[in-house]
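Residue strings, one per chain:
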Protein chains: 4
Amino acid sequence: MLIVMQAHATEEQVKAVCERIESLGYRAYAIPGAQRTAIGITGNQGEVEAGGLEEMPGVGEVIRVSKPYKLVSRDLKEEDTVLRFAGSSATIGGRDLAVMAGPCAIESREQAMAVAERVHRAGAQFFRGGAYKPRTSPYSFQGLGEEGLKIMAEVRERFGLLVVTEAVDNESLDLVEKYADIIQIGARNMQNFSLLKRVGRARKPVLLKRGMSATLEEFLMAAEYIMSEGNYEVVLCERGVRTFADHTRNTLDLSVVPAVDRLSHLPIVVDPSHGTGKRNKVLPMSRAAVAVGADGLLVEVHNNPDRALSDGMQSLFPDQFDELMAEVRQIAAVLHRNLPMAGAQAQPAVSRG
Amino acid sequence: MLIVMQAHATEEQVKAVCERIESLGYRAYAIPGAQRTAIGITGNQGEVEAGGLEEMPGVGEVIRVSKPYKLVSRDLKEEDTVLRFAGSSATIGGRDLAVMAGPCAIESREQAMAVAERVHRAGAQFFRGGAYKPRTSPYSFQGLGEEGLKIMAEVRERFGLLVVTEAVDNESLDLVEKYADIIQIGARNMQNFSLLKRVGRARKPVLLKRGMSATLEEFLMAAEYIMSEGNYEVVLCERGVRTFADHTRNTLDLSVVPAVDRLSHLPIVVDPSHGTGKRNKVLPMSRAAVAVGADGLLVEVHNNPDRALSDGMQSLFPDQFDELMAEVRQIAAVLHRNLPMAGAQAQPAVSRG
Amino acid sequence: MLIVMQAHATEEQVKAVCERIESLGYRAYAIPGAQRTAIGITGNQGEVEAGGLEEMPGVGEVIRVSKPYKLVSRDLKEEDTVLRFAGSSATIGGRDLAVMAGPCAIESREQAMAVAERVHRAGAQFFRGGAYKPRTSPYSFQGLGEEGLKIMAEVRERFGLLVVTEAVDNESLDLVEKYADIIQIGARNMQNFSLLKRVGRARKPVLLKRGMSATLEEFLMAAEYIMSEGNYEVVLCERGVRTFADHTRNTLDLSVVPAVDRLSHLPIVVDPSHGTGKRNKVLPMSRAAVAVGADGLLVEVHNNPDRALSDGMQSLFPDQFDELMAEVRQIAAVLHRNLPMAGAQAQPAVSRG
Amino acid sequence: MLIVMQAHATEEQVKAVCERIESLGYRAYAIPGAQRTAIGITGNQGEVEAGGLEEMPGVGEVIRVSKPYKLVSRDLKEEDTVLRFAGSSATIGGRDLAVMAGPCAIESREQAMAVAERVHRAGAQFFRGGAYKPRTSPYSFQGLGEEGLKIMAEVRERFGLLVVTEAVDNESLDLVEKYADIIQIGARNMQNFSLLKRVGRARKPVLLKRGMSATLEEFLMAAEYIMSEGNYEVVLCERGVRTFADHTRNTLDLSVVPAVDRLSHLPIVVDPSHGTGKRNKVLPMSRAAVAVGADGLLVEVHNNPDRALSDGMQSLFPDQFDELMAEVRQIAAVLHRNLPMAGAQAQPAVSRG
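Remember, predicted model here, so these are calculated numbers, not experimental data.

Undergrad: Which residues make up the overall build of chain A, and what values do they have?
TA: From N to C terminus, chain A includes eleven helices and 14 strands. Since a compact globule built from 353 residues should have a radius of gyration of about 20 Å, the 21 Å found for chain A is in line with a globular shape. Buried positions account for 66% of the 353 residues belonging to chain A. Total accessible area on chain A is roughly 12500 Å²; 47% of this is exposed by carbon and sulfur atoms. Between the averaged position of the 41 positive side-chain charges in chain A and that of its 45 negative side-chain charges there is a distance of 4 Å.

Undergrad: Describe the side chain of Arg287(D), listing the residues and the values that go with them.
TA: With respect to the helices and strands, Arg287(D) occurs in helix α9 (residues 279-292). Judged by relative accessible area, which is 10%, Arg287(D) ranks as buried. Beyond its immediate stretch of four places on either side in the chain, Arg287(D) contacts Ala291(C), Val292(C), Gly293(C), Leu335(C), Glu327(D), Val328(D) and Ile331(D).

Undergrad: Before we move on, could you go through helix α9 (residues 279-292) of chain A and cite the residues and values that matter?
TA: Residues and elements named next belong to chain A. Helix length check: α9, at 14 residues, gives a terminal C-alpha distance of 20 Å against a target of 20 Å (1.5 Å per residue), a fit within 8%. By the largest-angle criterion, Met-285 marks the main kink of α9, which is about 25°. Just past α9, the residue Gly-293 takes up positive phi, approximately 115°.

Undergrad: Break down the relation of the copies chain A and chain D for me, citing the residues and quoting the values.
TA: Each copy superposes on the other: chain A lies on chain D with an RMSD of 0.1 Å after a rotation of 180° and an axial shift of 0.0 Å. Both chain copies can therefore be described as sitting about a two-fold axis. Taking C-alpha positions as reference, the residue of chain A nearest the rotation axis is Ser213(A), located at 3.1 Å. Mapped onto chain D, 100% of the interface residues of chain A are again interface residues, and the two copies thus contact each other with one and the same surface.

Undergrad: Which residues make up the interface of chain A and chain B, and what values do they have?
TA: Across the contact, 37 residues belong to chain A and 37 residues belong to chain B. The junction of chain A with chain B conceals about 2800 Å² of combined surface from both sides, 71% of it contributed by carbon and sulfur atoms. Broken down residue by residue, the surface that chain A buries against chain B is led by Phe244(A), His247(A) and Val334(A), which jointly contribute 22%. Joining chain A to chain B, the criterion identifies eight residue pairs in polar contact (both at pLDDT 80 or more). Mapped by element, the contributors of at least two residues to the side of chain A that touches chain B are α7 (256-263), α9 and α10 (318-334) of chain A. Take the side of chain A that touches chain B: its biggest share by element is eight residues, from α9(A). Taken together, the residues of the side of chain A that touches chain B break down into 19 nonpolar, ten polar and eight charged.

Undergrad: Tell me about the sheet that holds strand β2 (residues 27-32) of chain B, and name the residues and values.
TA: Residues and elements named next belong to chain B. Taken in spatial order, the four strands line up as β2-β3-β1-β4 in an open sheet, and their pairing is antiparallel. Across the chains shown, the open sheet's two edge strands, defined by having one partner strand only, are β2 and β4 (59-63). Along the sheet, successive strands turn relative to each other by an average axial angle of 20°, direction set aside. Relative to strand β3 (residues 37-42), strand β1 (residues 2-5) is paired through three bridges, and the arrangement is antiparallel.

Undergrad: Help me get a handle on the interface of chain A and chain D, residues and values and all.
TA: Listed as interface residues are 36 residues of chain A and, on the opposing side, 36 residues of chain D. Interface of chain A and chain D: buried area, both sides summed, is about 2800 Å²; carbon and sulfur atoms make up 49% of it. Counting every contact that joins chain A to chain D gives two salt bridges. For Glu218(A), the salt bridge goes to Arg242(D), with nearest N and O atoms at 2.6 Å. Summed over the shared surface of chain A and chain D, the number is 17 residue pairs in polar contact (both at pLDDT 80 or more). Contributing elements (two or more residues each) for the side of chain A that touches chain D: α4 (170-179), α5 (193-199) and α6 (216-228) of chain A. Counting residues per element, the side of chain A that touches chain D draws most heavily on α6(A), at five residues.

Undergrad: Mind laying out the relation of the copies chain A and chain B, listing which residues take part and the relevant values?
TA: Least-squares fitting of chain A to chain B yields an RMSD of 0.1 Å, with the superposition described by an axial translation of 0.0 Å and a rotation of 180°. The share of interface residues of chain A whose copies in chain B are also at the interface is 100%, consistent with both copies meeting through the same surface.

Undergrad: Account for the packing of helix α3 (residues 146-159) of chain A against α4(A), naming residues and giving values.
TA: Residue and element names in this part refer to chain A. α4 packs onto α3 with a crossing angle of 15° between their chain directions and a minimal axis gap of 10 Å. In terms of orientation, α3 and α4 fall into the roughly parallel class. You can see that α3 and α4 cross each other, and the crossing is right-handed. Facing α3, whose interface residues are Glu-146, Leu-149, Lys-150, Ala-153 and Arg-156, α4 presents Leu-175, Val-176, Lys-178 and Tyr-179. Of the residues that constitute the contact of α3 with α4, the class distribution is five nonpolar, no polar and four charged.

Undergrad: I'd like to hear about the environment of Ser137(D), residue by residue, with values.
TA: Locating Ser137(D) in the fold gives a position in the loop between β8 (126-128) and α3 (146-159). Judged by its relative accessible area of 11%, Ser137(D) is buried.

Undergrad: Let's hear about the pattern of salt bridges: which residues, and what values?
TA: Residues and elements named next belong to chain D. Evaluation of the coordinates by the stated rule reveals 72 salt bridges over all chains. Among the salt bridges present, the one from Arg-74 reaches Asp-261, with a minimum N-O distance of 3.1 Å. Within this pair, whereas Arg-74 is found in the loop between β4 (59-63) and β5 (83-84), its partner Asp-261 is found in helix α7 (residues 256-263), the two being separated by 187 residues in sequence. Residue classification places Arg-74 among the buried positions, given a relative accessible area of 17%. Classification of Asp-261 by relative accessible area gives partly exposed; the value is 44%. In this structure, Arg-128 and Glu-300 form a salt bridge, with 3.9 Å as the shortest nitrogen-oxygen distance. Residue Arg-128 is located in strand β8, and its partner Glu-300 is located in strand β14 (residues 296-300); the two are separated by 172 residues in the primary sequence.

Undergrad: Provide a residue-level description of the pairing of strand β10 (residues 182-185) of chain C, including the pertinent values.
TA: Residue and element names in this part refer to chain C. Side chains Ile-182 and Gln-184 of β10 all project onto a buried face; the interleaved residues Ile-183 and Ile-185 project onto the opposite face, where all are buried too. When strand β9 (residues 162-166) meets β10, the two strands line up parallel, connected through three bridges. Across the sheet, the residue bridging to Glu-166 is Gln-184, located in β10. Taken together, β9, helix α4 (residues 170-179) and β10 constitute a β-α-β crossover, and its handedness is right-handed. Bridge count for β10 against strand β11 (residues 206-209) is three bridges, and the pairing is parallel. Note on β11: the bridge partner recorded for Ile-185 is Leu-208. For the segment spanning β10, helix α5 (residues 193-199) and β11, crossover handedness is right-handed.

Parameters and conventions
- Residues numbered from 1 in each chain as written.
- Chains lettered and ligands numbered in written order.
- Predicted model: local features only at pLDDT ≥ 70, side-chain atom pairs only at ≥ 80, totals over all residues.
- Heavy atoms only, no water.
- Helix = DSSP H or I, 4+ residues; strand = E, 2+ residues; numbered from the N terminus.
- Rg over C-alpha atoms; globule rule 2.2 N^0.38 Å.
- Buried < 20%, exposed > 50% of the residue type's maximum accessible area, 1.4 Å probe, protein only.
- Areas by Shrake-Rupley, 256 points an atom, 1.4 Å probe, with all protein chains shown as cover.
- Lys, Arg positive; Asp, Glu negative; His and termini not counted.
- Charge placed at Lys NZ, Arg CZ, Asp CG, Glu CD.
- Contact = heavy atoms within 4.5 Å.
- Expected span 1.5 Å × (residues − 1).
- Bend = angle between axes of the 7 residues up to and from the residue.
- Least-squares fit on C-alpha atoms with pLDDT ≥ 70 in both.
- Buried area = accessible area lost by both parts, 1.4 Å probe.
- Polar contact = N/O pair within 3.5 Å; in protein donor to acceptor, adjacent residues only side chain to side chain.
- Nonpolar A, V, L, I, M, F, W, Y, C, P; charged D, E, K, R; others polar.
- Pairing = 2+ DSSP bridges.
- Axes fitted to C-alpha atoms, helices over the stretch in contact; angles between N-to-C directions.
- Salt bridge = Lys/Arg side-chain N within 4 Å of Asp/Glu carboxyl O.
- Parallel < 35°, antiparallel > 145°, perpendicular 65-115°, else oblique.
- Left-handed = near helix turned anticlockwise from the far one by under 90°.
- Right-handed = clockwise from strand over helix to strand, strands pointing away.

As structure tokens, then:
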């Protein structure tokens, strides 16, 4: 259930409604919008008894929610959610496209710096890399762990890139929360509800990848889990779903981008690297992702893909990434969106010191 | 097996090789390319005994084909296939994008003319409409039959639009071949091999839609069926595949466009109307289709979608189609492709007389 | 819309209702049941105006149909449909299990007789074999055509086995109807509506295979197409659907058997050979199919699977088929169903005369 | 890589080989079989350098593993794994079928006892119930937690039923390990590799459910994760995969049972309740599961399904479960497997004291 306050409702009125809700045994979330504040009610099993709420001062409307999600919904918050980052001009969900690029796994300081230098120069504002890798086989390379996180923190210092990296359990999440700017929850953990709740209590934004066989509703409900714990900074990520088709590793479902846009205020980015699993499909599918309206891209780039410890087949060479950025920039312009120019203007944090 | 002739091979040499092949009990197809002629051998069950062929004058190379398709393959013909039409400037597979628009089903002369006028004015060069509708229920509207074909022929006369329409069996194919410019084979008939063979003997180009659960290889093999009968003018069409995802009617698999482009010289267009089944997804997915590199679009437009006898939910209003053309034109420019301007220049065939 | 007549309604009353329906411009199908006759109305586009019908003598009830199928539905006919064959004790849909066995394709008279001798001896009452093969590649063996049909007719003469074989288009259907006892419509043609209508006018029972990505409703609607033309002798066949799973060629969906049983009076058999594509899965999945309640099995048996011209990998050796029959017989007994004993009692029809 | 010791190899020889392996920087797992001991080598990235191992005393064979799994494989251990439980005659993977029945979620002591009494009386030897429920919505009932575990422990005391229940994270796993007899890992956590490793260090057997879109190889690799940490007591569970089919909630893939049986020595049970999501499909699919060769069933039973807090639609009434057991018992007999008779002989643990 949602309580939509009147445009002129005072803070005291909002507070009073929240208190009443909690006195009824539910949880209340006040979500300020540009024009009016909405209050989400959760914690109810079944129908909320809310007769009295409608009469309270400042209450505009009480909406009984038929969809199972609330906090992710545009019904609750009409305006697009835009994520901002302290000390950076980068945003996610606004007019600028967010490009997150880097190697599948951090393999060494040298590799990370070499890739970061190139993706920064090409205009990416986010550096993605794995320190904890969920691998199908227990015998595959599982990532450098905290050592990898430290290397990425160094990348941020040196190039001013914001760091996106995956947490796979509560232990790694504690460390990722400490070192990274965005905490990634991988496709295989999209319904690891325990981890979703934990990351809902983190103080960093979350990049939530769609599960391999998740319906749109399940995807939004996973975001709802995170938001229901109080973390409203969630970025959705389409990364391909599992189908019978075998010409790509997964089937990238671009139609989910406009579908999310209708139902939710959350931003959504697309990962064409995992979404296709083939290097030669990454560029065309990146163009398509921007054309369909995605808020950004998550792209694997490796300085030496043929020797990558994971996912080499789908990683771009740095020159290919340059080309991708050049093409995507033009598509973005058609949609009146912006892709910041080459790294020059994004001054490294270090040079500020 | 393919025989690739030398660049300077004479016509007599090509002919001699074909005769030798046929004397061995196989069928030979000479396929002239810009630089050299290739000869496909079909009709073999298992391995071809081809020792002697390699020694014949003019033969450059004998390629044992590991892939099950030959005639559709870029190995056989490197250059893109470009379809041209007598009395029209429209092409498919070249620099120009081919936009095919119109109602799902032809319902009346008035409806057809009203829609044709609008799609022509917006810049489409092809008119699509159904006279024979493969409907899931025997009790649904099945199309006007020959009456519908005649109406479409009148659309061609009046607006200079080329006509694309579906044939569902040998009987309807005889009529479609007579009235239409392009014969459509629908998704449900993609493996109706008998119909594929029959359309392979038609003298009109074929638009072949991907089956709902067809792999890329099966899709190409269906085209191979048509080509193996001698009809080389085939346009592929991605129209969504069946998956668990339920936010669209089908899941539009745009990655198949670059995948086809690598393997085959045939053009491929995208149908975002059937591919999503939802009007509000058609525009963004059309942009994405052009951005990924499709050679054209197949779009349902209806002057009164709410009263359409079939597929109204996915048909655009004419104003929405105008908007689509405007946006797609800009995306096309980024890929150095062209979308002809509004209908003015495409003079109706009639006015020429 | 369905008109359910009273139990004691006379033939004249049924006839009068049918005439009234047809005078309204619809088509009427009288379908006699054990206790009462039902009349299906088709040919309507949208709502039937049926006020007067309810008042006619002998009419018990007028049911507005919400489901898109009528004739296949248990709402229209409660009792199981049981198919019987002149000159044979075999049935489909009754207490006896119908076992249809034989090679994928008829390759020669010798092969057919060798296999028929073994499956007859093991207790099968139906001989399945392909004369027209829908092959993914135009270059694969396409069947012996009428020659194959003649061989199968000879099998019937010699062993008393009823012949099941596939028709792929109107031309082959004319011949199949002439030679066979049951006309098979393959999975790839399940939505070849033109062929469905044609077979709906045939005078032989139809075995309709589920399409590779057909929902239950689409499957039943395909049967409805056949029945809407007047042929009520339809046997459904589950043969596996296409999914991401790769340990079998298709995923055999046994739950469709009880699902069909709830909705429809038509019998349903299972094809574990195509449904798994692997010889070693055929026996366990045959047991499961009988245990779940299937009315029969369609099994590929070849006297020399390693040299089969098609589908050798999934064909059983005759000894394996003996084993299958022995195990299935015991499972059948648990469900109070019967599998006729070895071929001895099924005396060949003709050679006696 | 696997080292297969000679049949007469001594314990010292096994130990020596293990030590050599670990001195090379790998991990060694000695796995005693009925006739010979095998030693699995893990921890290698890429090829193991194993020249010296082949020459060591007692070594019979060194097998380079091409499949990505080792410990789950029949190549490593030919004999079926049979799980036994202290103080109980129940087994999993042997001649007896293991029937695990109970409510989806433990809702109260009364509910648990009522259901337990009935499933025990009907012959089940395992009680399944959820204390931690992974729910799609954060606002749905999430289980009673430790209170639920205590109730299940009481069920064991009173009826002698072994307790199977799910752990969803490390915290709940600590408690589940303490109270339960078998730790269930749910479908959504099948690739929660962190949880798999943790349960691999537990001292209780693990019931591992197949993920909704897991291939057979991924399923086996998830079991490999558990075994690679030292816990060899793993039971696999098929519970339906996600497909386009909509007549059941998931598509139960029974062919995976014989497929697992060929590749792995681990037992596999089937969950027809989640696998179909529909009460009326549970009985026929249970018969089919036993007929195909499953080692047991996991069935939801509720004393009042219409009021169940979760999954009521798929829960059997106790009388239906009686019927299921009666039918399954007969099918089991055909496969020479045994289903223990009604609860009488399985004396409650308590009454022994």
